Amino acid sequence: MRKEVLDSLLEIADIHTDRLIHALNELTPLMPASDHIISTLSYESSKPFEMFTSRLAKLQDILGAKIFPALLNSAAKISLVTL
């Protein structure tokens, strides 16, 4: 994978991470989140939970499907060159 492509993927991962941190900051006052707290939230109040779970899933997807394989592939190529 070219460096430009990996850099682009890392930028996307950074965006997801920033959004995760933002959502977590909004969720902090609700922690620890019990069943009662979650079940009594309004639609608006539940948005940070949705943002957090959505961004976490997207971050996991990009890391697992694209970034980690690219890094492993690059490491394998480096290992072959140094043999």
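Just so you know, these numbers come straight off a predicted model, no measurement behind them.

A count of helical and extended segments in the protein gives three helices and zero strands. Each helix (α) and strand (β) of the protein, taken in turn from the N terminus, gives the series α-α-α. Structurally, the protein occupies a C-alpha span of about 60 × 20 × 15 Å along its principal axes. Per-residue burial over the protein gives 18% buried out of 83 residues. Once local pairs closer than 6 in sequence are excluded, the contacts in the protein between residues at least 24 apart make up 72%. For the protein, the accessible surface area stands at approximately 6,200 Å², while carbon and sulfur atoms represent 63% of it.

Further remarks concern the pattern of salt bridges. Side-chain pairs of opposite charge can arise whenever the charged atoms involved come near each other. The full count for this structure, using the stated rule, is two salt bridges. As a salt-bridge pair, Lys3 and Asp7 come within 2.7 Å of each other at their nearest N and O atoms. Linking Lys3 with Asp7, this pair stays in helix α1 (residues 3–27), spanning four residues, or about one helical turn. What makes Lys3 exposed here is its relative accessible area of 58%. In this structure, Glu44 engages Lys47 in a salt bridge whose closest nitrogen and oxygen atoms are separated by 3.0 Å.

So, on to the side chain of Arg55. Note that Arg55 resides in helix α3 (residues 43–82). Buried and without a salt bridge, Arg55 has Asp18 as its closest oppositely charged side chain, separated by 9.3 Å. Ignoring anything within four residues of it in the chain, the contact list for Arg55 reads Ile15, His16, Arg19 and Leu20.

For the rest of this paragraph, the subject is the confidence of the model for the protein. Overall, the predicted model of the protein reaches an average pLDDT of 88, with 93% of residues at or above 70. Least confident of the elements in the protein is α3, whose mean pLDDT is 87; most confident is α1, at 92.

Quick look at the nonpolar core now. Of all hydrophobic cores here, the largest spans eight residues; its members are Leu6, Leu9, Ala13, Leu20, Leu59, Ile62, Ile67 and Ala70. Non-local contacts of Ile67, meaning those with residues more than four positions away in its chain, are made with Leu6, Leu9, Leu10, Ala13 and Ile62.

This brings us to unusual backbone geometry. Geometrically, the link from Met31 to Pro32 is a cis peptide bond, its omega value of -5° lying close to zero. Its place among the elements puts Pro32 in the loop between α1 and α2 (35–39).

About the cut-offs
- Residues numbered from 1 in each chain as written.
- Predicted model: local features only at pLDDT ≥ 70, side-chain atom pairs only at ≥ 80, totals over all residues.
- Heavy atoms only, no water.
- Helix = DSSP H or I, 4+ residues; strand = E, 2+ residues; numbered from the N terminus.
- Buried < 20%, exposed > 50% of the residue type's maximum accessible area, 1.4 Å probe, protein only.
- Contact = heavy atoms within 4.5 Å.
- Areas by Shrake-Rupley, 256 points an atom, 1.4 Å probe, with all protein chains shown as cover.
- Salt bridge = Lys/Arg side-chain N within 4 Å of Asp/Glu carboxyl O.
- Lys, Arg positive; Asp, Glu negative; His and termini not counted.
- pLDDT = per-residue confidence, 0-100.
- Core = buried A, V, L, I, M, F, W, Y, C linked by side-chain atoms within 4.5 Å.

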